[in-house]
Structures are given as structure tokens and as C-alpha cells.
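# A closer look at the structure
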Amino acid sequence: MKIFSRFIAHLTGMKFRSLFSLVVFASCLCFVSSLQAQRPLVFKFTAGNEYKLSVSTTTKIAMKYMGQDVETTMQMESGISQYIDSVNTEGTAAITQKITRLKLSVAGGPLGIKLAYDSTAADSQDNPLSDVLRPIVGAEFGLSLSQQGEISNFKAPADLLATLAKQPGSRAFGQMFSEAGFRNMVSQGSLKFPEKALNVGDQWKDQVVLPAGEFGETTVTIEYTYQGIVELDDKMLDKIGMKMTTSIKPAKDATGSQLKITEQSSEGLVYFDNAVGRLDHSTLKQTMTTEVIIGQNSIVQTVTTNVTTSMK
């Protein structure tokens, strides 16, 4: 009987320990779930802080010209400093952003051109590309950024815009170096969050409208999907999926060239460091096939763009 009693007691102890382990395990699961669910994401600013944003963009344009396959490759690297001038009681920051470096190379095209500019090189090429980019380095832009990532009060230097407007080479960049283009450039270290706390799978959208010259204007719709918390490089980061869709609104009474988007796809990821309240890094790949119609002729081209950003 004593042996039987000990055996029963042993089994009871095992059951109790197993039950206790299950309770602890379930509690851990609940704790992890609580981290993943109902998570508010916000930017955090401290007056006097300065951050460094790096953006690398590779664009390949494939098209048929005079019956031949032609490819143009453009690689651009930029550095942007972000200085927090002040923060109001609602957490919105007044920010000065400066373009600290630019490196751009263009190769290919129908004429097989090769142009390059590097603001960090003392012997950078003197060419139409340099004439456009050289005034941009060191330019300062003012803006306000809310805790949800809403940009307002954007200001580009008037003298810079006037200088670029006089450069014949700036036309090759379309609206990239217009005020709207600069706004888009300096905002690459930001993204807009909804005010509500997020659950895994939640989606929200943002839109950016950019002028497209004689073609009218383009609207870029960005769709975000919250994917939860991941550990990367010893940091707990919030992972957000990103897709972009572009539409074109023709100019009123347009009689010249037309631009149509016939096919497009994109896929990107944003990693946000919620502990410090800023972007950590992001990646984006976008492919778009367009048709430019000029009179009775048309040019079809496929543009593939890869963008990576990182902030320190």
C-alpha cells in the first residue's frame, strides 16, 4: 500500500508539474500575443537630435527604339541629414533636412551615353548632369512631421528651384527636382501611420500626388499591411508590407503626348523601430510598363526600380 501510495503521489506531482508548465507556457503565449496585438506605432522626436538617412535607387529602363532593344541604367545614392529643430506639445516636430551627398550615374539609352556625378569626389565629371546636381548638395528643406508621419509646411529653397529651372539638363529628370519632387525625396524616411493601435493583418493607405509635366499628374497609392514584430540585428522591429499603385490623370485639354500605364507591380517592406520612434530600413521593388503616344507613334518601355533606405 505504501508503494502504491507513493506511486499515486508521484503521478499527482507529475500532473501538477505538467499543469503548472502548461499554465506558464500559456502565460508566455498571452504575453507574446499582447506584444503583437493592439500596437500603436508613432514617430518620436527630441529637439536637438540629428539622424542620417541613406537612399539607394537603381532604375533600369528597357524599350524598343528604331527596331532595336535599348536599355538605360540609372543608379542614384543620396544622403540626407534630418535635424530636429523643435517639438510642440502635440509631438509634431519642426525639421530641417539637408541633402549632404549625391552620386548619380546614367548609362545606355539610344545614344549609348555615359554620365556620372559624385559630390564626394574632387574630380567629378563636368557635364550637364553635374550642372544640375551640384547646386542640390547642401540645400536645406524645412518641414513639419507629426507623430503619425503627416508631412506639412514643406519648404524648398526658392533660389535652388530658380537655379534648376535655368539648367537645360534638368528637363531630363522631369519633375524629380521640382518642389513636389523634392518633397517626395526628403519624405523617404517617413511613412504615415493610422491613429489607432494596430493588429497583425491591419491595412491602411496613403496617397502622393506628383506633377507629370505635359502628361498631367500621377497619383501614387501606397497600401501598408502590418505584419507584426520581428527580431533583426538584436532589435525588435515592426514589420510592415508595402505595395504601390500608380495612376495617371491626363492634363486638361491635352493635345500633345500621352502616357499610359499598361502593367505594374510592386513589393516592399518597411522595418520601423518603435522603441526609438523612427524608420530603421526599408526595401522596395517596382516594375511598370508604360506606353508613350506621340501622334501616330508609340514607345513602350518597362521600368524596374529598386529602392533601399536606412536611417541611423
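Calculation rules
- Throughout, a residue's number is its position along its own chain's written sequence, starting from 1.
- Given that this is a predicted model, residues contribute local features only at a pLDDT of at least 70 and side-chain atom pairs are listed and counted only at 80 or more, while totals for whole chains, interfaces and linings are drawn from all residues.
- Processing note: side-chain calculations cover all non-hydrogen atoms of the structure and skip hydrogens and water entirely.
- Each Phe, Tyr or Trp ring (for Trp, its six-membered ring) is paired with any other whose centre lies within 6.5 Å, and the angle between the two planes then decides the class: stacked below 30 degrees, edge-to-face above 60, tilted in between.
- In this description a helix means any DSSP run of H or I spanning at least four residues, a strand means any run of E spanning at least two, and both kinds are numbered starting from the N terminus.
- Burial here depends on accessible area, computed with a 1.4 Å probe over protein chains only, as a share of the maximum for the residue type. Under 20% is buried, over 50% is exposed, and the range in between is partly exposed.
- For two strands to pair, DSSP has to find at least two bridges joining them.
- Criterion for a salt bridge: a side-chain nitrogen of Lys or Arg within 4 Å of a carboxyl oxygen of Asp or Glu.
- Throughout, a contact is declared for two residues whenever any of their heavy atoms are within 4.5 Å.
- Under this rule, positive means Lys or Arg and negative means Asp or Glu; His and the chain ends count for nothing.
- A 3.5 Å cut-off defines polar contacts: any pair of N or O atoms within that distance qualifies, except that in protein one atom must be a possible hydrogen donor and the other a possible acceptor, and neighbouring residues in sequence count only when both atoms are side-chain atoms.

## Some words on the packing of aromatic side chains
Considering all chains together, one arrives at eight aromatic pairs under this definition. Between the aromatic rings of phenylalanine 43 and phenylalanine 272, the centroid separation amounts to 5.2 Å while the plane-to-plane angle is 80°, which identifies the pairing as edge-to-face. One end of the pair, phenylalanine 43, is in the loop between helix 1 (2-36) and strand 1 (50-65); the other, phenylalanine 272, is in strand 10 (residues 258-273), with 229 residues separating them in the sequence. Neither phenylalanine 43 nor phenylalanine 272 differs from the other in exposure class; each is buried.

## Points about the pairing of strand 3 (residues 93-108)
Pairing geometry for strand 2 (residues 68-87) and strand 3, over 15 bridges, is antiparallel. Pairing of threonine 72 across the sheet is with glycine 108, part of strand 3. Taking the residues between adjacent antiparallel strands as the criterion, strand 2 and strand 3 are bridged by five residues, where glycine 91 takes a positive phi near 90°. In this sheet, strand 5 (residues 140-145) lies alongside strand 3 in antiparallel orientation, the contact comprising six bridges. In the strand pairing of strand 5, lysine 98 is matched with glutamate 140. Pairing of strand 3 with strand 4 (residues 113-118), which is carried by six bridges, proceeds in the antiparallel orientation. Residue pairing across strands places valine 106 opposite leucine 115, the latter belonging to strand 4. The loop that links strand 3 with its antiparallel partner strand 4 comprises four residues; one of these, glycine 109, has a positive phi angle of about 85°.

## Considering the pattern of salt bridges
Counted under the stated rule, the structure contains eight salt bridges. Note that aspartate 238 is salt-bridged to arginine 39, the shortest N-O span being 2.6 Å. In this pair, aspartate 238 sits in strand 9 (residues 235-249) while arginine 39 sits in the loop between helix 1 and strand 1, placing the two residues 199 residues apart along the sequence. Look at arginine 39 and you get buried, because its relative accessible area is 18%. Counted as one network, the salt bridges with shared partners bring together Glu150, Lys192 and Asp206.

## A few points about the environment of lysine 64
Turning to its location among the elements, lysine 64 is positioned in strand 1. The exposure class assigned to lysine 64 is exposed, which follows from its relative accessible area of 53%. With 46 residues separating them in the primary sequence, lysine 64 and proline 110 have C-alpha atoms 9.3 Å apart. Residues within four places of lysine 64 in sequence aside, it is in contact with Asp69, Ile299 and Val300.

## A look at the environment of aspartate 131
Examined against the element boundaries, aspartate 131 turns out to sit in helix 2 (residues 128-133). Expressed as a C-alpha distance, the spacing of aspartate 131 and glutamine 167, which sit 36 residues apart in the sequence, is 7.3 Å. When neighbours within four sequence positions are excluded, aspartate 131 is seen to be in contact with Asp126 and Gln167.

## Observations concerning the side chain of aspartate 118
Relative to the assigned elements, aspartate 118 resides in strand 4. Here aspartate 118 occupies a buried position and makes no salt bridge, while the nearest side chain of opposite charge, lysine 103, is found at 4.4 Å. A polar atom in the side chain of aspartate 118 sits 2.7 Å from the side chain of threonine 120.

## Focus on the pairing of strand 11 (residues 278-294)
Looking along a regular strand, one sees side chains alternate from face to face of the sheet. Bridge count between strand 10 and strand 11: 15 bridges; the pairing is antiparallel. Looking at strand 11, one finds that serine 265 is bridged to threonine 287. One ladder, built from 14 bridges, connects strand 11 with strand 12 (residues 297-311); its direction is antiparallel. Bridge pairing in strand 12 links glutamate 291 to valine 300. The antiparallel hairpin formed by strand 11 and strand 12 contains two residues in its connecting segment, where glycine 295 sits at a positive phi of about 65°.

## Some details on unusual backbone geometry
A positive phi angle is found at aspartate 233, which is not glycine, with a value near 50°. By secondary structure assignment, the location of aspartate 233 is in the loop between strand 8 (217-232) and strand 9. Note on aspartate 233: relative accessible area 71%, which makes it exposed.

The values are spatial; any link to function lies outside them.
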